[in-house]
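# An overview of the molecular structure
Take a look at the letters that make up each chain.
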Amino acid sequence: MKRWTKALVIGATALLGLTACANGSQGAQKKIETVKLGLVGDDTREWDIAKETLADQGINLEYVKFSDYNQPNQALAQGEVDLNAFQTKVYLNNFNEQYGADLVGIGNTVVTPLAIYSNKYDKIEDLPDGAKVSIPNDVTMGGRSLILLESAGLIEVDDAAGITPTLSDITKNDKNLQIEEMDASQTPRSLGDVDIALINSNYAVEAGLNPKIDGIFTEPINEKSEPYVNVVAARKEDADNAIYAKVVDAYQTDETAKVIDEIGKGVNIAAWKEFGKK
């Protein structure tokens, strides 16, 4: 009887051990990696396809939303998010220089052209002397706006300023344009108060504007647009992180490119198709 009881105990213990191993294996299989992605604004459609793809690979892409351009890089540098996707290469470089940060681009996303909009005029040529102009107040988008105003024949800027000229770099302003700087997200709202506003297409679309129809002068996309390619950014030590590489791969697909085209009303471009994946 004792032998039978002992054998029963041993058998039950072994069975429990096997069950524990099986449960452990299932637990390992169900382990989910969470990647926090910082985005600006509420529209996540550009990333939703990637999110679904990654879920099938055991990666939970968690959106962390910010209201403006000032927060996502600080959050990334401080480890509050793992990646962010909102900024151009030139903006990223300027942030690193300004704050001594070490953030890097690990994948190209989209190019969103800048355009000039007006509620008062249909043509740039109709703009009167002393016209009020609103542009973004950050160094990169502000500089980009001044270059676009120069391309439109409205001002001239000092070539020595490169791609980030400021108001002090304007060398010719025959129309005496009154240029007001403001947060990029506020430029669409300024249309009722100014003669023209320079608005990036993501903010323009959010405001109900169609860049192809409503823009009276649009920035061309060509080889000079490389600095304005948007990127997925990571901390430098995570540049070769295999999980983050999967996030980029899940994003850079033909399906995402179609969504980019739809969101941008035909003016936004899938940057990895035009300028390479990184």
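Refer to the structure above for everything that follows.
To start, this report covers the structure provided alongside it. On a predicted model such as this, the values are computed, not experimentally measured, just so you know.

What follows concerns the sheet that holds strand 10 (residues 178-182). Strand order in the open sheet formed by five strands is 10-7-11-6-12, with mixed pairing between adjacent strands. On the outer flanks of this sheet lie strand 10 and strand 12 (215-218), each paired with one strand and no other. Between one strand axis and the next, the sheet turns through 25° on average, direction left out of account. Two elements, strand 6 (residues 114-117) and strand 11 (residues 196-200), share four bridges in a ladder whose sense is antiparallel. Pairing of Ile116 across the sheet is with Leu198, part of strand 11.

To continue, consider the side chain of Arg144. As for its position among the elements, Arg144 is in helix 5 (residues 139-151). Residue class for Arg144 comes out buried when judged on its relative accessible area of 1%. Within the local environment of Arg144, its side chain forms a polar contact with the side chain of Glu219, the two groups lying 2.6 Å apart. Ignoring sequence-local partners within four residues, the contact set of Arg144 consists of Thr88, Thr112, Pro113, Leu114, Ile163, Asn200, Glu219 and Tyr228.

Consecutive side chains of a regular strand alternate in pointing toward one face of the sheet and then the other. Within strand 3 (residues 83-88), six of the six residues are buried, which leaves it mostly tucked inside the rest of the structure. As defined by bridge partners, strand 1 (residues 33-40) adjoins strand 3 across two bridges and the pair is classed as parallel. Across the sheet, the residue bridging to Gly38 is Asn84, located in strand 3. Pairing of strand 3 with strand 13 (residues 230-235), which is carried by four bridges, proceeds in the antiparallel orientation. Bridge assignment links Thr88 to a residue of strand 13, and that residue is Asn230.

Scanning the entire structure with this criterion turns up seven aromatic pairs. Arranged with centres 5.7 Å apart and planes meeting at 45°, the rings of Tyr69 and Tyr203 form a pair that is tilted. Taken together, the residues span a long stretch of sequence, with Tyr69 in the loop between strand 2 (59-66) and helix 3 (72-77) and Tyr203 in helix 6 (residues 201-206) at a distance of 134 residues. For the pair shown, Tyr69 and Tyr203 are each scored as buried. Members of the aromatic cluster, joined through ring pairs, are Tyr69, Phe86, Tyr91 and Tyr203. The ring of Tyr63 is capped by Lys51, whose NZ or CZ atom sits 4.9 Å from the centre of that ring.

Definitions and limits used
Residues numbered from 1 in each chain as written. Predicted model: local features only at pLDDT ≥ 70, side-chain atom pairs only at ≥ 80, totals over all residues. Heavy atoms only, no water. Pairing = 2+ DSSP bridges. Helix = DSSP H or I, 4+ residues; strand = E, 2+ residues; numbered from the N terminus. Axes fitted to C-alpha atoms, helices over the stretch in contact; angles between N-to-C directions. Buried < 20%, exposed > 50% of the residue type's maximum accessible area, 1.4 Å probe, protein only. Polar contact = N/O pair within 3.5 Å; in protein donor to acceptor, adjacent residues only side chain to side chain. Contact = heavy atoms within 4.5 Å. Phe/Tyr/Trp six-rings, centres within 6.5 Å; stacked < 30°, edge-to-face > 60°. Lys NZ or Arg CZ within 6 Å of the ring centre and 35° of its normal.

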